[in-house]
Amino acid sequence: MSWNKYIVVVLLLLSLGHVTAQKSKKIKFKVHLKSAELYVKKLRNSAYFIHQDGILIDSIFIKKNTVSLSLSSGHIYKVTFSKKGFTNKHVIVNTIDVPRDKKLKLKADITLFRPQKNWEIDFLEHQPVSIASYNFVKRTLAWDFDYNRSVVEKIILATIKK
């Protein structure tokens, strides 16, 4: 392929991606981070890692306990919450089916805890604590609360002293 054809193809692909990005409305995702041990006290000085379709696109250090993220439709996001001395948790936000002309909001309260040596909580490295996806009936982005309850139960069982 000659350089001229290569440049035309690249410019065409870039312009198509730009048009798609312009049509995609933003999804406001607001997260409040809390501590389990401190009676749900606000957790400050934490880090957030945002993956879009399996690729790390951003990492944020927040001094406050609240962060607002802008997500786009048409992707799967993994958002990891981290604080030194606490167990990391992550959620999955599936925006693939969100209509491009739709503006949505999603909120989450994430509670982190300090791990103990005898707790078997390694599953949290791979398993999200919650999953959100588009609900066509309610026309909103919603958390799967049944899934979330099952993970909370798994955490409780893993942290009960044997």
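This one's a predicted model, so the numbers in the text were calculated from it and none came from an experiment.

**Q** I tried to follow the pairing of strand S3 (residues 46-52) on my own but got confused; where do I start?
**A** Each regular strand displays side chains that alternate between the two surfaces of the sheet. Burial analysis of S3 places five of its seven residues in the buried class, the great majority of the element. In this structure, the hairpin formed by S3 and strand S4 (residues 55-62) is closed by a connection of two residues, where Asp 53 is found at a positive phi of approximately 55°. Relative to strand S6 (residues 76-82), S3 runs antiparallel, the two being bridged by six bridges. Note on S6: the bridge partner recorded for His 51 is Lys 78.

**Q** Help me understand the nonpolar core, please; the structure alone is not making it clear to me.
**A** Nonpolar side chains in soluble globular proteins generally cluster together in the buried interior. Membership of the largest hydrophobic core comes to 37 residues, with the highest contact counts inside it found for Phe 29, Val 91 and Val 93. No other element matches the five residues that strand S8 (residues 104-112) contributes to this core. If near-sequence neighbours (up to four positions away) are discounted, Phe 29 is found in contact with Val 67, Ser 68, Leu 69, Leu 71, Val 79, Val 91, Val 93, Leu 106, Ala 108 and Trp 143.

**Q** I tried to follow a positive patch on the surface on my own but got confused; where do I start?
**A** Among the surface-exposed residues, Lys 26, Lys 28, Lys 30, Lys 64, Lys 103, Lys 105 and Lys 107 lie close enough to one another that they form a single positively charged patch. Looking at the positive patch, the elements that each hand over two or more residues are strand S1 (26-35) and S8. Looking at which element gives the most residues to the positive patch, the answer is S1, with three residues. Locating Lys 64 in the fold gives a position in the loop between S4 and strand S5 (66-72).

**Q** Whenever I open this one, the pattern of salt bridges confuses me. Can you help?
**A** Any two side chains of opposite charge can pair, so long as their charged atoms come close to each other. Tallying each qualifying case throughout the model produces two salt bridges. The residue Arg 149 makes a salt bridge to Asp 146 at a minimum N-O spacing of 2.9 Å. Pair noted here: Arg 149 and Asp 146 are both in helix H2 (residues 145-159), with a separation of three residues, about one helical turn. Taking relative accessible area as the criterion, Arg 149 reaches 46% and is therefore assigned partly exposed.

**Q** Honestly, the sheet that holds strand S9 (residues 130-135) in this entry has me stumped. Any pointers?
**A** Backbone-to-backbone hydrogen bonds pair the strands of a sheet. The strands run either parallel or antiparallel. The strand order S4-S3-S6-S7-S9-S10 describes an open sheet built from six strands, whose pairing is mixed. In this open sheet, the two edge strands, each paired with only one partner strand, are S4 and strand S10 (140-143). Each strand of the sheet is rotated relative to its neighbour by a mean of 20°, with strand direction disregarded.

**Q** What should I look at first to understand the confidence of the model for the protein chain in this one?
**A** Detailed reading of the predicted coordinates is not advisable wherever pLDDT is low. When pLDDT is averaged across the protein chain, the result is 85; 82% of the residues are at 70 or more. The weakest mean pLDDT in the protein chain belongs to helix H1 (residues 3-23) at 43; the strongest belongs to strand S7 (residues 89-94) at 97. A low-confidence stretch, residues 3-23 stays under pLDDT 50, and its non-local contacts, those more than four residues away or across chains, total three contacts.

Conventions adopted
Residues numbered from 1 in each chain as written. Predicted model: local features only at pLDDT ≥ 70, side-chain atom pairs only at ≥ 80, totals over all residues. Heavy atoms only, no water. Buried < 20%, exposed > 50% of the residue type's maximum accessible area, 1.4 Å probe, protein only. Helix = DSSP H or I, 4+ residues; strand = E, 2+ residues; numbered from the N terminus. Pairing = 2+ DSSP bridges. Core = buried A, V, L, I, M, F, W, Y, C linked by side-chain atoms within 4.5 Å. Contact = heavy atoms within 4.5 Å. Patch = residues over 30% accessible without salt bridge, like charges linked within 9 Å, V, L, I, M, F, W, Y side chains within 5 Å. Areas by Shrake-Rupley, 256 points an atom, 1.4 Å probe, with all protein chains shown as cover. Salt bridge = Lys/Arg side-chain N within 4 Å of Asp/Glu carboxyl O. Lys, Arg positive; Asp, Glu negative; His and termini not counted. Charge placed at Lys NZ, Arg CZ, Asp CG, Glu CD. Axes fitted to C-alpha atoms, helices over the stretch in contact; angles between N-to-C directions. pLDDT = per-residue confidence, 0-100.

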